[in-house]
Amino acid sequence: MKMKKKPNILLTGTPGVGKTTLGKELAQRTGLNYVNIGDLAQEGQLYDGYDEEYQCPILDEDRVVDELDEKMVEGGMIVDYHGCDLFPERWFHIVFVLRTDNTQLYTRLESRGYTGKKLQDNVQCEIFQTIYEEAMEAYKEEIVHQLPSNSPEDLECNLEQIVQWTEQWMKDHN
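Definitions and limits used
- Residues numbered from 1 in each chain as written.
- Predicted model: local features only at pLDDT ≥ 70, side-chain atom pairs only at ≥ 80, totals over all residues.
- Heavy atoms only, no water.
- UniProt positions renumbered as here; feature names shortened; annotations may be inferred.
- Helix = DSSP H or I, 4+ residues; strand = E, 2+ residues; numbered from the N terminus.
- Contact = heavy atoms within 4.5 Å.
- Axes fitted to C-alpha atoms, helices over the stretch in contact; angles between N-to-C directions.
- Parallel < 35°, antiparallel > 145°, perpendicular 65-115°, else oblique.
- Left-handed = near helix turned anticlockwise from the far one by under 90°.
- Nonpolar A, V, L, I, M, F, W, Y, C, P; charged D, E, K, R; others polar.
- Core = buried A, V, L, I, M, F, W, Y, C linked by side-chain atoms within 4.5 Å.
- Buried < 20%, exposed > 50% of the residue type's maximum accessible area, 1.4 Å probe, protein only.
- Pairing = 2+ DSSP bridges.
- Polar contact = N/O pair within 3.5 Å; in protein donor to acceptor, adjacent residues only side chain to side chain.

> Please give an account of the UniProt feature "binding site: ATP" (unreviewed entry) in the protein chain that cites residues and values.
In the numbering used here, UniProt assigns the feature "binding site: ATP" (unreviewed entry) to Gly16, Gly18, Lys19, Thr20, Thr21 and Arg112. Tracing the chain through its elements places Gly18 in the loop between strand 1 (9–12) and helix 1 (19–30). Look past the residues within four positions of Gly18 in its chain and what remains in contact with it is Leu98, Arg108 and Ser149. Those residues in contact with Arg112 that lie beyond four places of it in its chain are Pro15 and Gly16.

> Which residues make up the packing of helix 1 against helix 7 (residues 152–173), and what values go with them?
Interhelical geometry of helix 1 versus helix 7 gives an angle of 45° and a closest axis separation of 10 Å. The pairing of helix 1 with helix 7 is recorded here as oblique in orientation. Of the two possible hands of crossing, helix 1 and helix 7 adopt the one that is right-handed. Packed against helix 1, whose contacting residues are Thr21, Leu22, Glu25, Leu26, Arg29 and Thr30, the element helix 7 presents Leu155, Glu156, Asn158, Leu159, Ile162, Val163 and Thr166 at the interface. Counted by class, the contact of helix 1 with helix 7 contains six nonpolar, four polar and three charged residues.

> Break down the nonpolar core for me, citing the residues and quoting the values.
Formed by 27 residues in total, the largest nonpolar core has its most connected members in Ile37, Phe87, Phe92, Val95 and Tyr139. Elements represented by at least two residues in this core include exactly helix 2 (37–44), helix 3 (61–74), strand 5 (77–81), strand 6 (94–99) and helix 6 (130–138). Take this core: its biggest share by element is four residues, from helix 3. Excluding its chain neighbours within four sequence positions, the residues that come into contact with Phe92 are Asn8, Ile9, Leu10, Met72, Val79, Phe87, Tyr139 and Ile143. Counting residues in each nonpolar core, the second largest holds 20 residues, with Leu22, Ile94, Leu105 and Ile162 among its members.

> Pulling in residues and values, what's your account of the sheet that holds strand 7 (residues 144–148)?
If you walk across this open sheet you meet the five strands as 2-5-1-6-7, and the pairing is parallel. In this open sheet, the two edge strands, each paired with only one partner strand, are strand 2 (33–36) and strand 7. On average, each strand axis in the sheet is tilted by 20° relative to the strand beside it, whichever way the strands run. Both strand 2 and strand 5 contribute to a ladder of four bridges, which runs parallel. When the bridges of strand 5 are listed, Tyr34 appears paired with Ile78. Of the strands in this sheet, strand 1, strand 2, strand 5 and strand 6 are in contact with helix 1, which crosses strand 5 at around 175°.

> A description of the environment of Asn102 should follow, citing residues and the corresponding values.
Following the sequence through the fold, Asn102 ends up in helix 4 (residues 102–111). In sequence terms Asn102 and Tyr54 are 48 residues apart; their C-alpha atoms lie 20 Å from each other. Ignoring any residue separated from it by four or fewer positions in sequence, one finds Asn102 in contact with Val123, Glu126 and Ile127.

> Any details on the environment of Asp101? Residues and values, ideally.
Structurally, Asp101 is set in the loop between strand 6 and helix 4. Residue classification places Asp101 among the partly exposed positions, given a relative accessible area of 40%. As for Asp101 and Pro148, which are separated by 47 residues in sequence, their C-alpha atoms are 8.4 Å apart. Polar side-chain contacts of Asp101 include one of 3.2 Å to the backbone nitrogen of Thr103.

See the structure below:
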């Protein structure tokens, strides 16, 4: 078995917290490969029905995991998704849960066209730290970290921290 030369990173958090913005920029700065699970599912039609209440397709989690497994074993992946307990624990070296102020999140989601129950449930998800708790249950506590994601300054600070972590990981594992 060959050694992993690059780490796998999970960026997770409620929709609208800035995972995609952070992930794409992080990939540019680190040379790691970025994958947005929503885009991957859409491209491969990795769905298992449609949720009428939330007006969105239902992810076929098993097919997503099958689709990604080989790349994850190779390493060097940044995965962006609003859930985290569907992924095997062995995939990730570190997990970042992005957190956003509720008022700001509400505005971001509204601007994406979220309304009614979908909007309320996502804001409540952030208020009750649902994704953070999910991450703490799914992964070793020491690899799960919360990051504030409210401003461009937070974005830059998060990028610097994760780039620094990635560089250190690569030194330690090569």
